[in-house]
Structure formats: structure tokens, C-alpha cells
Amino acid sequence: RQMCIRDSYLSDYLHYFKKEDISDESIYRFVDTIYKDEIKTKIEQAVFEHSLKKLGGELVVSFYDVTTLHFESESEDDLRRIGFSKEGKLNRPQIQLGLFTTLQGYPLAYEVFEGNRFEGNTLIDLLINFQERFNLQQKPIVVADRGMLNNNNIALLQNCGYRYILGARIKNISHDIKEQIANLTFINDSVTHEIPITKTIKYKALDAQGSEVKKSMDIKQRLILSYSAKRAKKDNYLRQKALQRLEQRIKATSSITKSDLKLSPYAKFLDTDHSCNITFKINKEKIKADEKLDGIKGFISNDYQLKHHQIIEHYQNLWHIEKAFRISKTDLQIRPIYHRLEDRIKAHILISFVSYAIYSCLLYTSPSPRDRTRSRMPSSA
């Protein structure tokens, strides 16, 4: 098993280079003593200070994302739970790992969550701990994908004084804004547009007694829109492919279910004929409306100082944190996890966090002042 292989690596290293013979069982017992909350806090503090030093003492942008890590087991507990797997490991218990990194990929902080938690609800816990521990004088711009776009997260970011850039779900946005977007003209891929958004959001927060209360907040946002001919071609291809499957299924039987077709997100193209026998038919008007949004990508921000291209480039640089996850899962072999005890699982993640921090120091060079203030995509992107 992979865990045994890792332990053998360590045993071999100690034997050949340190002239020490230590059994795998001793390594397991030592792992049980590694994880404590205060140890994790001290390590994160050291990693954060080192990453900040690499940035010249200024943290302009921070990226947040979540990944899932599966177990080679079928047993669940309070931490290891079956949930939506980004690795495609259905019916396998998993945990979720939330990670903050810098633009250059240096790690800042992390947290482990239950495997069945909705990923959009992970940002709040980590962000609160992040700001309490590091007490940043100048708060960074928080960049996260559209999975974090919910009212609770937006309210927290606003109340804590953070600027943010979040991916927008263009095809799930309000009807009025959809119409505005559909009437915009994108001559080429370099054209961008902006739609101001003023609205009242409802969210949940904790009062002084720790009880959940419902609140509302007036917010102002910028919806920045970009266009890509390549993305438009892909959107059209995926829709046509889905429509072909829908039409074939409808011809085969007059009564279908969403689970039969795995319709999401294409269920919106179907109308239901309400009669004794439920039948479906494709709504061509909805298809035409959807076509008008092909190739358009949206970015939500409350930062009114950044220009369009800066907001877009910051969001596009989420590839740094995706690269961090890839490195952790492949080069550092963070998955699959064979441990069962919660503290041993968290120790495994802590060791991987430290390993990635060391790896990133070897992988990345010190950024120039220009790199600290301006996002930059790799030439191959």
C-alpha cells in the first residue's frame, strides 16, 4: 500500500543517511503525536511569515480553493464522509481541504473539513481564522471560483473589509441582467463590459450568544464580462451534444426522468406537458436565449479601483492554487489516504502542507516588484 511505501522511503533514508534503523510501527506511533492545534498554528505562522517575506512583506492578492481527498475505505465517521467528489471517487469517504495561497503559489493557511460539507460554506471558517491569527494591516484581495459565490460569503467579506473577485454564474443569473448581457456586443476577445449591480442580500450570521440569525445587507458590485471565441465554440458544442441526447431519449420514450438523462445543467431546455402521462419537449426559445450567452464569462467584484483586465487576470491566476493541488496529489502523494484516526489524518495533511511549503520554495523564484503588483499568466496558458 502507498502508506507503507512512504514509510519505507523514510526508513530507508534514515538507514542509509543517518545510520538509524526505525520500524514502520514506530513511525506510525510518532505520527499520532504530531498533530495538535497549537502545533498546526505555529507551523502555519512560520509558513505564512516565510511566504510574506518572499513577497517583500506585502500580500496584495490571496487565492482560495477547495479540493477533495478520498480514502481507500468504505467506512464513514464524523470527518470522513461521502460527498461530491472532485476526483470522481463515488461512494468513497473523503475529506475536503481548503487552501489559501499567494499569486506565486506560496501557501498561507489551510483547513480540513468534513467530506460532505458544501464547499461554498468552507470559506467562512478559514477566513475568520486567517484574519484573527495573522492580523493583516492591509487585507489582500480574496480571489475564489464561482463555488464560493453565495450570500453568506459575500456578507462576511464585506463586513470584514475584504475586497474580492469571484467567478459569476452567467447562465444562472437574474433574468434582467441576462437580457442586458445578451444585448452587449463583443467585437473580439479583447472587448470587456461592465454592469453595475445594486441589491439587497439576505444571509445568516451568528449573534453574541452563538445562535444563527437572519440578516440583510445592501451591497454594490461590479459584474465584469469578457468574451472568448474559443469558449463560445465549446459552449455551443456541449449544448448541441446534450440536445442530441435529449432528442434521442424523447424519441425512445414519452416519459423520462432527470436522473435518466443526467440533465443538469441542460434540464432548462425541457418543457413539461402536464397531462395524465408526463411528457417532455424541447423549448427552442430557451435554447436561443442560452446561445446569446455563449463564450461570455463573468467576474463579480466589490473593488472599484481595479481595471477590467486586472480583475480578469487576477481571477485567471487561480491556476496557481490548482497547480498547488496537483503537486500535492501527484508529486507529494497526498492521496489516497489510508489512515483512519482523525488526528492521524490531520497529521498526514499537516506533513503534506509543510512538504508543499518546502517544495514551493524550491520551485518558485523570488518575485520582482512588478510580479507583486501585477498578475501574469504563463506563456503556455
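One structure accompanies this document, and this report is about it.

Calculation notes
Residues numbered from 1 in each chain as written. Predicted model: local features only at pLDDT ≥ 70, side-chain atom pairs only at ≥ 80, totals over all residues. Heavy atoms only, no water. 1 Å grid on protein atoms, 1.4 Å probe; cavity = no way out; pocket = protein on both sides within 12 Å on 5 of 7 lines; lining within 4 Å. Points joined across faces, edges and corners; volume = space filled by probe spheres on them. Helix = DSSP H or I, 4+ residues; strand = E, 2+ residues; numbered from the N terminus. Nonpolar A, V, L, I, M, F, W, Y, C, P; charged D, E, K, R; others polar. Salt bridge = Lys/Arg side-chain N within 4 Å of Asp/Glu carboxyl O. Buried < 20%, exposed > 50% of the residue type's maximum accessible area, 1.4 Å probe, protein only. Axes fitted to C-alpha atoms, helices over the stretch in contact; angles between N-to-C directions. Parallel < 35°, antiparallel > 145°, perpendicular 65-115°, else oblique. Left-handed = near helix turned anticlockwise from the far one by under 90°. Contact = heavy atoms within 4.5 Å.

### Some words on the layout of surface pockets
Right, on to step 1. A volume near 1400 Å³ is recorded for the largest pocket.
Right, on to step 2. Around the largest pocket, the lining comprises 41 residues; the ones closest to its centre are R146, R231, D235, I296 and K297.
Right, on to step 3. Mapped by element, the contributors of at least two residues to the lining of the largest pocket are β5 (164-168), β7 (212-227), α7 (229-252), β10 (296-301), α10 (308-316) and α11 (319-329).
Right, on to step 4. Per element, the largest residue contribution to the lining of the largest pocket is 6 residues, and it comes from α7.
Right, on to step 5. Tallied by class, the residues present in the lining of the largest pocket amount to 15 nonpolar, 10 polar and 16 charged.

### What to know about the pattern of salt bridges
Right, on to step 1. Taken as a whole, this structure holds 16 salt bridges when the rule is applied.
Right, on to step 2. The salt bridge partner of R80 is D77, with a shortest N-O separation of 2.8 Å.
Right, on to step 3. Since its relative accessible area comes to 5%, R80 is described here as buried.
Right, on to step 4. A salt bridge links E194 to R222; the shortest N-O distance between them is 3.0 Å. With E194 in strand β6 (residues 192-206) and R222 in strand β7, this residue pair connects regions lying 28 residues apart in the sequence.
Right, on to step 5. Each of K40, E44, E111 and R133 takes part in one network of salt bridges that share partners.

### Details of the packing of helix α3 (residues 37-54) against helix α12 (residues 342-363)
Right, on to step 1. Relative orientation of the contacting elements α3 and α12 amounts to 15 degrees, with a least axis distance of 11 Å. Considered as vectors, α3 and α12 are oriented roughly parallel to each other. Between α3 and α12 lies a crossing of left-handed hand. Here I39, K40, I43, E44, V47 and H50 of α3 lie close against α12, whose contacting residues are L350, F353, V354, A357 and C361.
Right, on to step 2. Split into classes, the residues belonging to the contact of α3 with α12 amount to 8 nonpolar, 1 polar and 2 charged.

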